[in-house]
Amino acid sequence: IVFQDYIEAKYFCQEHGVPFNEEGWQYILTEHKGYLPVEIHAVPEGTVVDTGNVLLTIQNTDPKVPWITSYLETALLRAIWYPTTVATKSWSIKQTIKEYYEATSDADPSEIDFKLVDFGARGVSSEESAAIGGMAHLVNFKTTDTMTGILAAKRYYHEKMAGYSIPAAEHSTITSWGKENEADAYRNMIKQFGHAGKTFAVVSDSYDIMNAVENIWGKELHDEVVASGATLVVRPDSGDPVETPIIVIAALMDEFGYETNSKGYAVLPSYIRVLQGDGINEDTVKQILHHIEALKFSAENIIFGMGGGLLQQVDRDTQKFAMKCSAIRINGEWHDVYKEAPGKSSKRGRLALVEEDGVYRTVAHDGNALNDVMRLVFRNGDLMIDEDFATIRERANS
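Each chain carries its own residue numbering, running from 1 in the written order of its sequence. Whole-chain, interface and lining totals are the exception, using all residues; otherwise, since this is a predicted model, local features are given only for residues with pLDDT of at least 70 and side-chain atom pairs are given and counted only at 80 or more. Values shown for side chains rest on all heavy atoms present in the structure; no hydrogens or waters enter the calculation.

Q: Looking at this model, I keep getting lost on the packing of aromatic side chains. Mind explaining?
A: Two aromatic rings, taken as a pair, are described by how far apart their centres are and by the angle between their planes. What counts as a ring pair is set by centres within 6.5 Å for rings of Phe, Tyr and Trp (its six-membered ring), and what kind of pair is set by the plane angle: stacked under 30 degrees, edge-to-face over 60, tilted for all other angles. This structure, assessed with the given rule, holds nine aromatic pairs. Ring centres of tyrosine 6 and phenylalanine 20 lie 5.6 Å apart, and the angle between their planes is 55°; this geometry places the pair in the tilted category. Of this pair, tyrosine 6 sits in helix 1 (residues 3–16) while phenylalanine 20 sits in the loop between helix 1 and helix 2 (22–31); the two residues are 14 residues apart in sequence, bridging distant segments of the chain. Between tryptophan 81 and tyrosine 82, the ring centres sit 5.7 Å apart and the planes meet at 80°, which makes this aromatic pair edge-to-face. Throughout, exposure labels follow a simple rule: accessible area from a 1.4 Å probe, protein chains only, divided by the maximum for the residue type, with under 20% read as buried, over 50% as exposed, and the rest as partly exposed. With relative accessibility at 16%, the residue tryptophan 81 sits in the buried group. For tyrosine 82, a relative accessible area of 10% gives the class buried. Taken together, Phe3, Tyr6 and Phe20 form an aromatic cluster joined through their ring pairs. Should the NZ of a Lys or the CZ of an Arg lie within 6 Å of a ring centre and within 35 degrees of the ring normal, that charge is described as sitting over the ring. Here the guanidinium or amino end of lysine 296 rests over the ring plane of tyrosine 265, the centre of that ring lying 4.0 Å away. Sitting over the face of the ring of tyrosine 338, arginine 348 holds its NZ or CZ atom 3.5 Å from the ring centroid. Put simply, DSSP H or I for four residues or longer makes a helix, DSSP E for two residues or longer makes a strand, and each gets a number counted from the N terminus.

Q: Just checking my understanding: could you explain unusual backbone geometry for this structure?
A: Of all residues except glycine, most have a negative phi; of all peptide bonds, most are trans. In this structure, asparagine 331 takes a positive phi of about 55° despite not being glycine. As for its position among the elements, asparagine 331 is in the loop between strand 10 (327–330) and strand 11 (333–336). For asparagine 380, which is not a glycine, the phi torsion comes out positive at approximately 50°. On the secondary structure map, asparagine 380 appears in the loop between strand 14 (375–379) and strand 15 (382–383). Relative accessible area serves as the criterion here: at 28%, asparagine 380 is assigned to the partly exposed category.

Q: Would you take a moment to explain the pairing of strand 12 (residues 351–356) for this structure?
A: It is a general feature of regular strands that their side chains alternate between the two faces of the sheet. Pairing between strand 12 and strand 13 (residues 359–364): six bridges, direction antiparallel. Of the residues in strand 13, the one forming a bridge with leucine 353 is threonine 362. We treat two strands as partners when DSSP finds at least two bridges between them. Linking two consecutive strands that pair antiparallel, namely strand 12 and strand 13, is a turn of two residues; a positive phi of about 55° is found at aspartate 357 within it.

Q: What should I look at first to understand the nonpolar core in this one?
A: One broad rule of soluble globular proteins: the nonpolar side chains tend to lie buried together. Among the nonpolar cores identified, the biggest contains 79 residues, and Ile97, Val202, Trp217, Leu252 and Phe304 are the most heavily contacted of them. When residues in this core are grouped by element, the largest group, 13 residues, is from helix 3 (residues 68–104). Contacts are assigned to residue pairs that have any heavy atoms within 4.5 Å of one another. Beyond its immediate stretch of four places on either side in the chain, valine 202 contacts Ala169, Ile174, Tyr186, Met189, Trp217, Leu232, Val233, Val234 and Arg235. To form a nonpolar core, buried Ala, Val, Leu, Ile, Met, Phe, Trp, Tyr and Cys residues must be joined to one another through side-chain atoms within 4.5 Å. The next biggest cluster of nonpolar side chains, apart from the first, holds twelve residues, and it includes Ala131, Leu138, Ile150 and Phe389.

Q: Can you help me understand the environment of glycine 46 in this one?
A: Note on placement: glycine 46 falls in the loop between strand 1 (38–42) and strand 2 (56–60). Sequence separation of glycine 46 and asparagine 140 is 94 residues, and the distance between their C-alpha atoms is 9.1 Å. Apart from the residues within four sequence positions on either side, glycine 46 is in contact with Ile392, Arg395 and Ala396.

Q: Hey, could you run me through the sheet that holds strand 8 (residues 272–276) in this one?
A: Strand pairing within a sheet occurs via backbone hydrogen bonds; the two strands may be parallel or antiparallel. An order of 3-9-8-5-4 is seen for the five strands of this open sheet, with the pairing classed as parallel. Only two strands of the sheet have a single neighbouring strand rather than two, namely strand 3 (116–118) and strand 4 (199–203). Averaged over all pairs of adjacent strands, the angle between strand axes in this sheet comes to 30°, irrespective of strand direction. As paired elements, strand 8 and strand 9 (residues 302–306) share three bridges and run parallel to each other. Looking at strand 9, one finds that leucine 275 is bridged to isoleucine 303. To get an axis, a line is fitted to the C-alpha atoms, and for a helix only the part in contact is used. The angle between two axes follows their N-to-C directions and goes from 0 to 180 degrees.

Q: I'm lost on the sheet that holds strand 1 in this one. Help?
A: Strand order across the open sheet formed by four strands is 2-1-14-15, with antiparallel pairing between neighbours. Across the chains shown, the open sheet's two edge strands, defined by having one partner strand only, are strand 2 and strand 15. Relative to strand 2, strand 1 runs antiparallel, the two sharing five bridges. The residue of strand 2 that forms the bridge with histidine 41 is threonine 57. Strands in contact with helix 3 are strand 1 and strand 2; relative to strand 2, the strand with the most contacts, it is inclined by about 160°.

Structure (structure tokens):
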């Protein structure tokens, strides 16, 4: 903090009707040159840890300002619960996709990194939320339309390009041609973006998804799609989110054919795929893949897009995040601090996180905590860890 922050906070608190710790903040300004005298330990980012465990601890490093940790509680908790929850949701969906890929596909497993697209930028509460949540998703996948998430990964984790996308039609770029010119709108997409080796997506449900699939794509534009050398991603965007993409896959197989892979599952030609971006969440992904497998279709036929369900339909209670004072040192001796209420008991004492055979447990800090998974990340204004995004991804995917 700087002197101007101090003055602004002082008068704000006076107007707001709450006391201002003038002496304490003056002390931080003069004795610590405005740097906050705290030490933060945290689990390495990207680590997959069971809920109910400690992920971070904060302790003051100057006994004259023991109150500073509580001042930072809200900001720290907010900074952790949201991206962690988004990353966990994204990670969980990836495990589901991976399971069905292993069962039904011969394709390179690296394809899985491109099977869940982040469409959430317009469905979140702010640009900052889009950046933080979008970056959290990119820990697990490499495809997104939330550009602020990519920029955040570049700014804070030195990742040159964390996510990729493709040219894609939206409804207005199709409907502006008029219903009578729907085929021409699709043909224009082939002309503009259907180049050899490229991929492009076309939302195809503006009027009648089955007419678009069976008659326009499957017959009128069939030869143009094949001759383009590109991969067309057909996107249904309405109807039942589980049934519709499966019906579309089946219809495309009728029109374009399919191959049966070594595991006995049907795969569309490599130049055509289906993207379901409406109504997608953890449950519908599982349902779609379950039905696809039952029909002996391969999981590689489909890509998922997820918007507000990925970045916005989460809150602090989704994974029951909380942060409380757990220990206090009085006259050199540590004492437990805890809340003990029905259904809301908090952890007590100094805490450490240990791992054994892939299982994480929160234990009492023994004073040394040599096996503590948490590591020092911040001390008295200095960032102690400066990791790249690839390292975080590697942890999550391991």
